Amino acid sequence: MFQAVYGISRGKVDVILQKLKSSGTKFPVSDCRGCHEPINKMTEERNLMRSHIDKYPKYESHYTRRDSNGIYLPSHLNMKKMYDEYKNENVGKGGSYELFKLVFKETGYKFKKPKIDTCKICDTFQINIKQCKNEIERVALQRNYDDHKAMADFAYLQKKEDKESILKNNEKTVLVFNLQKVLNSPSISTNVACYKRLLATYNLTIRDCSVIGGTECYMWHEAIGGRGSNQIASCLYKKLNSLPPHVSHVITDSDTCGGQNRNVNMAIMLSLVTSVRDTLKVIDQKFLLPGHTHLECDADHAKIEKAKKETNISLMVPRDWYQFVRTVRGKKPFKVVVMTQQDFYSFSDFLQSELIKKNTDINGEKINRLQIKWLRFQKEFGIFQFKYSLKDSDDFRTMDWRRNRRGRPFSTQKRSLNLSYNSSLPINQLKKKDLLSLLPLIPEECHQFYEDLATSHRSFGNEVYESEDHSEGEDP
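In this report, we go over the structure that sits alongside the text. None of the values given here were measured: they were computed from a predicted structure. Within each chain, residue numbers correspond to sequence positions counted from 1 in written order. Local features in this predicted model are restricted to residues whose pLDDT is 70 or higher, and side-chain atom pairs enter the listing and the counts only when it is 80 or higher, whereas totals over whole chains, interfaces and linings include all residues. For the side-chain quantities, the full set of heavy atoms in the structure was used; hydrogens and water were omitted.

**Looking at the nonpolar core**
Here is step 1: Take the buried residues of types Ala, Val, Leu, Ile, Met, Phe, Trp, Tyr and Cys, join any two whose side-chain atoms come within 4.5 Å, and each joined set is a nonpolar core. The buried label goes to any residue with under 20% of its type's maximum accessible area, the exposed label to any with over 50%, and the partly exposed label to all in between, with areas taken from a 1.4 Å probe on protein chains only. The biggest cluster of nonpolar side chains holds 48 residues, and the ones touching the most others in it are Leu204, Trp220, Leu236, Leu240 and Met269.
Here is step 2: Counting residues per element, the ones that place at least two in this core are strand E3 (172–179), strand E5 (199–208), strand E6 (215–221), helix H8 (229–240), helix H9 (264–276), strand E8 (282–287), strand E10 (374–377) and strand E11 (383–387).
Here is step 3: When residues no more than four places from it in sequence are discounted, the contact partners of Met269 are Ala233, Leu236, Tyr237, Leu240 and Phe347.
Here is step 4: Grouped together as the second largest cluster of nonpolar side chains are 15 residues, Ile188, Ala193, Ala223 and Leu439 included. Every helix listed is a DSSP run of H or I at least four residues long, and every strand listed is a run of E at least two residues long, numbered separately from the N terminus. Should any heavy atoms of two residues lie within 4.5 Å, those residues are counted as being in contact.

The structure is reproduced here in structure tokens:
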């Protein structure tokens, strides 16, 4: 009856009783099945494969190493190429391609290239440390390398603390901004377009990190304006003037690109908007460490690029890019602000009248602009405070760019801004020729846009206009 209920044979019951008697306990000895190594396990081949995989240079994901320990192999490699090299180096040894993939999976390595480029300074340190034969020098290099990484992590920590602080104070906000890589028009799948010069569309993305904030994409194309310091400053000027009246303190985070973010024109704009806008009391402009400049808006750029890859839609003219960015899905839809030539101002004109650039602070000490990590702007136009670090404990130094003039003080309230452009910008003649050659692949309603583009006699590959009216501003 017992055997019938549990579906077992008499022989199995006898074996269990025999094991209980032989063990001398109330429990049978452990099962011995699976304790022997199978003859086809190929331990030697697995070790050879692992050693072969470990020969390749490896690097970590630079900006995400705080959240992930992922190790990456060079992007030019792939599984098939590595397996072929393994077979060439180990002639006569076994091991299938499927086994090689299994061993590779166990390593945890990835081929996926990190989304953000690695830091040149970090890469140099790593190479020098690896090649250094003197132990004392190697220790010194490692110490300097650790200091460099600590500075980068501290900058990220400061940004994180700034973002946390605005959750408790609605009078403060944090803006991070960055320029996306060029978006080309027309964006079509035809292979001929890969060899043509296309029209550039620019997207300056500004992420408001406050609770009610979001992402705004300030977009224009190269016939409307360039992508220099005046243009980037004009976009941020438009954003700052649209902030709610209760915001009195703004913190901006960006990379250290001299032609766009850390420059004279940007400093003049931030000082101007602080002095003119009644409710705005302080603007802190902070810069991350070069090579370690991952920003929240970079994730927004990745969403746009991913959405474009996942669709077969053709974007014929810049306005198609504007509409496409509006449709990119996320927690909050992107707001697109289309910039016109009436929105681009020439902040550098202040250097011809009210201000003069100085290389020393108010104490006569020389200023190294390339080392500035923090700029602070308050109500008095033309006076900037700065630091060479992001530490709150370090004192600010002050520079005064106001011209020494007699009479009434200068009033920014009555000062009108000069526009950067008074007509459409010309593009290169060779680019215009390439664009017109693509018209048979473009809908007829878009032909007029490309036919009306003005041209200039710029040399091939030169993206800086020869006319002074089209100057991109002055680097620091």
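**Let's talk about empty space enclosed by the protein**
Here is step 1: Grid points spaced at 1 Å and placed over the protein atoms alone form the basis of the search, with a cavity being a set where a 1.4 Å probe fits but cannot get out and a pocket an open set showing protein on both sides within 12 Å along at least five of seven lines. Lining residues have an atom within 4 Å of a point. Grid points are joined across faces, edges and corners, and a volume is the space filled by probe spheres set on the points. On inspection of all chains with the given rule, the structure shows 2 cavities of 30 Å³ or more.
Here is step 2: Within this model, the largest cavity holds a volume of roughly 110 Å³.
Here is step 3: Lining of the largest cavity is provided by 11 residues; of these, Asn263, Ala267, Arg369, Leu375 and Met399 occupy positions nearest its centre.
Here is step 4: The volume enclosed by the second largest cavity comes to roughly 40 Å³.
Here is step 5: Contributing to the lining of the second largest cavity are Ala155, Gln158, Lys159, Asp253, Lys286, Phe287, Leu288 and Leu390.
Here is step 6: Listed by contribution, the elements that provide at least two residues to the lining of the second largest cavity are helix H7 (135–165) and E8.
Here is step 7: Here the element with the most residues in the lining of the second largest cavity is H7; it accounts for 3 residues.
Here is step 8: Three categories are distinguished: nonpolar for Ala, Val, Leu, Ile, Met, Phe, Trp, Tyr, Cys and Pro, charged for Asp, Glu, Lys and Arg, and polar for the others, with Gly belonging to the last. Of the residues contributing to the lining of the second largest cavity, the split by class is 4 nonpolar, 1 polar and 3 charged.

**Some words on unusual backbone geometry**
Here is step 1: Omega for the bond connecting Ser185 with Pro186 falls within 30 degrees of zero, at -5 degrees, which places this linkage in the cis form.
Here is step 2: Secondary-structure assignment places Pro186 in the loop between strand E4 (183–185) and E5.

**Here's the deal with the pattern of salt bridges**
Here is step 1: What makes a salt bridge here is a side-chain nitrogen of Lys or Arg within 4 Å of a carboxyl oxygen of Asp or Glu, nothing more. One pass over the full model with this rule turns up 20 salt bridges.
Here is step 2: The salt bridge partner of Lys431 is Glu222, with a shortest N-O separation of 2.8 Å. A residue pair is termed long-range when its members are at least 10 positions apart, and Lys431 in helix H12 (residues 429–437) and Glu222 in the loop between E6 and H8 qualify at 209 residues. Residues Lys431 and Glu222 agree in their burial class; the two are buried.
Here is step 3: For Glu365, the salt bridge is made with Arg397, and the minimal N-O distance between the two is 3.6 Å. With Glu365 in the loop between strand E9 (335–338) and E10 and Arg397 in strand E12 (residues 397–400), the pair connects residues that are 32 residues apart, well separated along the chain.
Here is step 4: Overall, the relative accessible area of 44% leaves Glu365 in the partly exposed class.
Here is step 5: Overall, Arg397 belongs to the partly exposed group, its relative accessible area being 22%.
Here is step 6: Linked through salt bridges whose partners overlap, the residues forming this network are Lys159, Lys163 and Glu296.

Geometric values such as these leave the question of function open.
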